[in-house]
Amino acid sequence: MRSVFITGTDTEVGKTRCSAALLHWCAQQGWRSAGFKPVAAGLDADGVNEDVQMLRAAGSLPLTSAEVGPLQFQAACAPHIAAALEGQVIDMATLVQQAQALAERADVLVVEGVGGFCVPLGPDVDTADLAVALGYPVILVVGLRLGCISHALLTAEAIRARGLPLLGWIANTVDPQMAHLQANIDTLRVEFQRRHHAPCLGVVPRLADASPRAAAAYLDFVALHEIFSA
Ligand SMILES: Nc1ncnc2c1ncn2[C@@H]1O[C@H](COP(=O)(O)OP(=O)(O)O)[C@@H](O)[C@H]1O
Ligand SMILES: [Mg+2]
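Residues numbered from 1 in each chain as written. Chains lettered and ligands numbered in written order. Predicted model: local features only at pLDDT ≥ 70, side-chain atom pairs only at ≥ 80, totals over all residues.

S.K.: What am I meant to see in the nonpolar core here?
M.R.: Generally speaking, nonpolar side chains in soluble globular proteins are found buried as a group. If you look at the biggest cluster of nonpolar residues, it comprises 69 residues, and the most contacted ones within it are V111, L140 and V142. No other element matches helix α1 (residues 15–28), which puts eight residues into this core. Filtering out sequence-adjacent residues up to four positions away, L140 remains in contact with T7, G8, A152, T155, A156, I159, L166 and W169. (Core = buried A, V, L, I, M, F, W, Y, C linked by C-beta atoms within 7 Å. Buried ≥ 20, exposed ≤ 12 C-beta atoms within 10 Å, placed from the backbone. Helix = DSSP H or I, 4+ residues; strand = E, 2+ residues; numbered from the N terminus. Contact = placed C-beta atoms within 7 Å.)

Right under this line is the structure:
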């Protein structure tokens, strides 16, 4: 039905929470939803990356950790450095094949990018190249905190400059104490619409329970139906 690429204004802005919320919401619609984290850096005590675990648990298609996260590196640092520390090269063609294999088994595939949109994956490739190679339209998670408007609009320009459609954006509250939070959200709405015709797909507050189910309740169901049932 639909595959999407989730990017963010930065690392730690809520890409994983919002991806998991989307997977949960799609599963609630009765669709087979699958998460994919092509490259992950940093492993939990059980040897699995936290993002991979969360995406795997939120999707409805039963998948192994290796299917959701085929490249999980030990070191929690920039992915090309984490790969180099293990003497590995991130092979984009393989990642694209793995994503396509999942997309064939699922109704909805949600691919979570790595860090911000232009994070390098090797000497001559970055996350934006991976998004282009996958060819999936993009959803941008904006971490609401001071400075996010410019980060959001710069990222949107980079997405469009790579020729990828921007399906919409999700506001995720990183700093609930941010001054004039609502005015910032209003500005983002206007600017995304004016520059990119990109709708807001949800405004997620700072949650005590940041589970996929709790976050999914703040997504715009009408807008999501338009995107995923198209
Ligand atoms: N809306 C939210 N409410 C509460 N905690 C959140 C929210 N969004 C993200 N977090 C927390 O912030 C951290 C970073 O979120 P995450 O989704 O992992 O970001 P990213 O994938 O962009 O690195 C996590 O510990 C997560 O639980
Ligand atoms: Mg993440």
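Next comes the rest of the account.
S.K.: Explanation requested: the sheet that holds strand β8 (residues 200–204) in the structure shown.
M.R.: Neighbouring strands of a sheet are bound in pairs by backbone hydrogen bonds; such pairs are parallel or else antiparallel. Taken in spatial order, the six strands line up as β2-β5-β1-β6-β7-β8 in an open sheet, and their pairing is parallel. Edge positions in the open sheet fall to β2 (33–36) and β8, since each of these has one partner strand only. Between one strand and the next, the sheet's axes are offset by a mean angle of 20°, whatever the strand orientation. In terms of strand pairing, strand β6 (residues 138–144) meets strand β7 (residues 166–173) through seven bridges, oriented parallel. Each bridged residue has a counterpart across the sheet, and for L140 the counterpart in β7 is W169. Where helix α7 (residues 148–161) meets the sheet, its contacts fall on β1 (2–8), β5 (108–116), β6 and β7, and the angle it forms with β6 comes to roughly 165°. (Pairing = 2+ DSSP bridges. Axes fitted to C-alpha atoms, helices over the stretch in contact; angles between N-to-C directions.)

S.K.: What am I meant to see in the site of ligand 1 here?
M.R.: Inspection of the region around ligand 1 gives 14 residues, with G14, K15, T16, R17 and A210 positioned closest. Mapped by element, the contributors of at least two residues to the shell around ligand 1 are α1 and β7. Across the shell around ligand 1, the residue classes break down as four nonpolar, six polar and four charged. (Near = placed C-beta within 6 Å. Nonpolar A, V, L, I, M, F, W, Y, C, P; charged D, E, K, R; others polar.)

S.K.: In this structure, what is going on with the packing of α1 against helix α2 (residues 50–58)? I would like to understand it.
M.R.: Helices that pack against each other are described as a pair by the angle of their axes relative to one another and the distance between those axes. Contact geometry for α1 and α2: axes closest at 8 Å, N-to-C directions at 15°. One finds that α1 runs roughly parallel with respect to α2. Relative to α2, α1 is oriented so that their crossing is right-handed. On the side of α1, the interface is formed by T16, S19, A20, L23 and H24, while α2 contributes D51, M54, L55 and A58. Taken together, the residues of the contact of α1 with α2 sort by class into five nonpolar, three polar and one charged. (Parallel < 35°, antiparallel > 145°, perpendicular 65-115°, else oblique. Left-handed = near helix turned anticlockwise from the far one by under 90°.)

S.K.: Explain the pairing of β7 here, please?
M.R.: Strand residues, when the strand is regular, have side chains that alternate between the two faces of the sheet. Buried residues dominate β7, accounting for eight of its eight residues. Assessed by its sense of winding, the connection that carries the chain from β6 through α7 to β7 is right-handed. Pairing between β7 and β8: four bridges, direction parallel. What sits directly across from A171, in β8, is V203. (Right-handed = clockwise from strand over helix to strand, strands pointing away.)

S.K.: Sorry, what's going on with the environment of R145 here?
M.R.: Turning to its location among the elements, R145 is positioned in the loop between β6 and α7. Through-space distance from the C-alpha of R145 to that of M178 is 5.8 Å; in sequence the pair is 33 residues apart. If near-sequence neighbours (up to four positions away) are discounted, R145 is found in contact with V174, D175 and M178.

S.K.: Please explain the packing of helix α5 (residues 92–105) against helix α6 (residues 127–134) as it appears in this structure.
M.R.: Look at α5 against α6: their axes get within 10 Å of each other, and the N-to-C directions meet at 45°. Classified by the angle between their axes, α5 and α6 sit oblique to one another. The two elements α5 and α6 meet at a crossing, and its hand is right-handed. Side by side, α5 and α6 meet where M92, L95, V96 and A99 of the first sit next to D129, L130, A133 and L134 of the second. Of the residues assigned to the contact of α5 with α6, the class counts are seven nonpolar, no polar and one charged.

S.K.: Mind showing me how you'd approach unusual backbone geometry here?
M.R.: Negative phi is the rule for most residues except glycine; trans is the rule for most peptide bonds. Backbone geometry at E12 places phi at a positive 60°, although glycine is not the residue there. Relative to the elements of secondary structure, E12 occurs in the loop between β1 and α1. On the neighbour-count criterion, E12 (10 C-beta atoms within 10 Å) is exposed. Residue H197 is not a glycine yet carries a positive backbone phi of 50°. Take H197: it is sitting in the loop between α8 (181–196) and β8. Judged by the 10 C-beta atoms lying within 10 Å of it, H197 is exposed.

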